[in-house]
Amino acid sequence: MGSYYIWTIGCQMNVADSERLGAHLERLGFQAAQAPEAADILVVNSCVVRQHAEDRVANKLHALRPLKRKNPNAVIALMGCMVGPKTEDLQHRFPHVDVFMRPQVYDPLLEVARERADLASCQDEGPVVPNPTGPTAFVPVIKGCDEFCTFCIVPYRRGRQVSRPSEEIVAEVRALAERGVREVTLLGQTVDAYGLDLRGQPDLADLLTELNGIDGLARLRFLTSHPRYMTRKLIRAVADLDKVCEHINVPFQAGDDDVLQAMRRTYTRDEYRRLIADIREAMPEAGLSTDVIVGFPGETDEQFQRTVDLLEEVRFDVVHVAAYSVRPGTIAARKLSDDLPKDVKQARLRQVEQLQEGIAAGINAALVGREVEVLVEKRDALGNWEGRTRTHKLVHFPAGVSDLRGELVTVTITRASAWSLQGELVAVG
Ligand code: SF4
């Protein structure tokens with residue numbers, strides 16, 4: 001029986017894509033290998049959103065070269081955002097790669113896999129649902145992106161926004177719940193644009209309402225939102241539906257209107273602030289996270305300071321910050337000059353990181369002494385239980401004898417840092 005190994009880097013969507021490809025290969029009778037050396041099919045699922053990620057992908061592909069020399073029959077595939085419509089350059093750089101696949105386009109590899117499959121091990125056709133690896137799962141609900149933010153390569157690699165029919169999603173989430181999944185995160189590059197391209201335009205709030213009724217499922221989340229699609233109806237749904245967690249990731253990217261316009265983000269600083277006020281009015285204790293880019297072309301000290309001011313004003317639970325790097329093929333790469341010195345970008349990056357560390361430490365310290373609901377996901381490196389609150393905070397607590405994986409438990413928080421909480425188990429269920 002053949003085997004496969006998938007190496008994944010990047011966002012949760014890439015993780016979900018890898019799981020889905022794995023499910024397709026398993027349907028053809030292939031089994032997951034523990035190490036690349038043991039696999040007949042090796043897949044690198046790539047990310048090029050930042051230079052650092054792209055460098056890691058290139059290193060990984062180079063590292064597979066000796067393996068291909070040793071085992072010429074092994075199939076090496078490159079998937080994900082590194083693969084555009086043209087692959088000549090990639091073929092030249094990585095001649096040992098056999099198959100190139102754009103994000104979520106699995107067929108080129110599946111055709112090769114079918115030729116090698118042991119027909120006796122193939123399973124019936126029908127919807128492909130990845131086997132859950134724990135009590136939480138990702139479910140893509142909309143692929144692609146229509147936004148074309150000037151710094152971002154995603155729309156060129158993942159294509160236009162296409163929503164999955166809601167019946168298909170409901171069936172998948174029900175199947176996952178039947179297999180023991182307690183928490184599902186709905187994924188999309190602009191997840192809150194879900195349904196705009198479907199007949200009748202069922203939106204994300206409608207989808208969450210349907211999913212909220214699935215037996216066995218305890219929690220629902222969604223990632224990543226775009227401020228312009230975050231409606232009052234959706235905020236109300238998050239506040240009212242008991243299984244939908246009070247946790248919203250809504251990137252603002254920059255705090256200055258001119259920079260936002262140069263990024264083509266389609267909202268202003270004040271519109272973003274009003275959105276946060278609406279969320280906080282509906283859910284005063286919602287967990288909020290955001291993405292920020294510093295050192296965008298032409299960003300002045302004053303413009304950067306407006307980003308810092310917004311971070312201080314909103315006080316997010318989590319901030320994902322990146323220094324701008326040119327992504328070939330984007331509008332910014334074609335039209336804007338990457339004019340800020342590297343040391344200026346790095347200094348701004350560090351300033352945001354330090355500011356956020358202090359803010360997160362303060363928010364988390366206020367939870368000490370309080371009881372929180374935790375969905376237990378796994379044991380951590382020290383053997384303690386690890387899980388997350390509804391607001392997506394990481395919690396560790398000492399393990400007793402019973403297996404708590406997949407249980408909803410109550411934990412009293414005893415210690416806090418900027419990154420996680422420690423606690424004591426109070427009750428199970
Ligand atoms: S919304 Fe903007 S940043 Fe997000 S995936 Fe689309 S183009 Fe990229």
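Let us look at the structure shown here. Here the structure is a predicted model, which is why all the values come from computation and not from measurement.

1. With respect to the overall build of the chain
Piece 1. Looking only at helices and strands, the chain has 14 helices and 18 strands in total.
Piece 2. Rg of the C-alpha trace for the chain: 22 Å, near the compact-globule value of 22 Å for 429 residues, within the 12% margin.
Piece 3. Dimensions of the chain, computed from the C-alpha atoms along their principal axes, are close to 55 × 55 × 50 Å.
Piece 4. Burial analysis of the chain (429 residues in total) assigns 40% to the buried set.
Piece 5. Contacts in the chain between residues far apart in sequence, at least 24 positions, make up 72% of those at least 6 positions apart.

2. Details of the sheet that holds strand β9 (residues 183–187)
Two strands in a sheet stick together by hydrogen bonds in their backbones, pointing the same way (parallel) or opposite ways (antiparallel).
Piece 1. Taken in spatial order, the 3 strands line up as β6-β9-β10 in an open sheet, and their pairing is parallel. Two strands bound the open sheet, and with one partner strand each, they are β6 (136–140) and β10 (219–223). The sheet shows a mean angle of 25 degrees between the axes of neighbouring strands, taken without regard to direction.
Piece 2. Relative to β10, β9 runs parallel, the two being bridged by 5 bridges. Across the sheet, residue L187 finds its bridge partner in β10, namely L223.
Piece 3. Lying over the sheet, helix α1 (residues 12–27) contacts β6, β9 and β10, oriented at roughly 95 degrees with respect to β6.

3. Regarding the site of the ligand
Piece 1. Close to the ligand lie C145, E147, F148, C149, C152, V154, P155, Q189, T190 and H226, which account for all nearby residues.
Piece 2. Across the shell around the ligand, the residue classes break down as 6 nonpolar, 3 polar and 1 charged.

4. Brief notes about the environment of R174
Piece 1. Along the chain, the position of R174 falls in helix α7 (residues 166–178).
Piece 2. We classify R174 as partly exposed; it has 17 C-beta atoms within 10 Å.

5. Points about the environment of V428
Piece 1. Within the secondary structure layout, V428 lies in strand β18 (residues 421–428).
Piece 2. Classification of V428 as exposed rests on a count of 12 C-beta atoms within 10 Å.
Piece 3. It is 6.3 Å that separates the C-alpha atoms of V428 and T410, two residues lying 18 residues apart in sequence.

6. Concerning the sheet that holds strand β1 (residues 3–8)
Piece 1. With parallel pairing, 5 strands are arranged side by side in an open sheet as β2-β1-β3-β4-β5. Whereas interior strands pair on both sides, the edge strands pair on one side only; in this sheet they are β2 (31–32) and β5 (99–101).
Piece 2. Bridge analysis of β1 against strand β3 (residues 41–46) gives 5 bridges, and the strand direction is parallel. In the sheet register, W7 faces β3, and the bridge partner there is V44.
Piece 3. Running over the sheet, helix α2 (residues 51–63) touches β1, β3 and β4 (75–80) and is turned about 165 degrees from β3.
Piece 4. Against the sheet, helix α5 (residues 107–116) engages β3, β4 and β5, with an angle of about 140 degrees to β5.

Rules used in this analysis
Residues numbered from 1 in each chain as written. Predicted model: local features only at pLDDT ≥ 70, side-chain atom pairs only at ≥ 80, totals over all residues. Helix = DSSP H or I, 4+ residues; strand = E, 2+ residues; numbered from the N terminus. Rg over C-alpha atoms; globule rule 2.2 N^0.38 Å. Buried ≥ 20, exposed ≤ 12 C-beta atoms within 10 Å, placed from the backbone. Contact = placed C-beta atoms within 7 Å. Pairing = 2+ DSSP bridges. Axes fitted to C-alpha atoms, helices over the stretch in contact; angles between N-to-C directions. Near = placed C-beta within 6 Å. Nonpolar A, V, L, I, M, F, W, Y, C, P; charged D, E, K, R; others polar.

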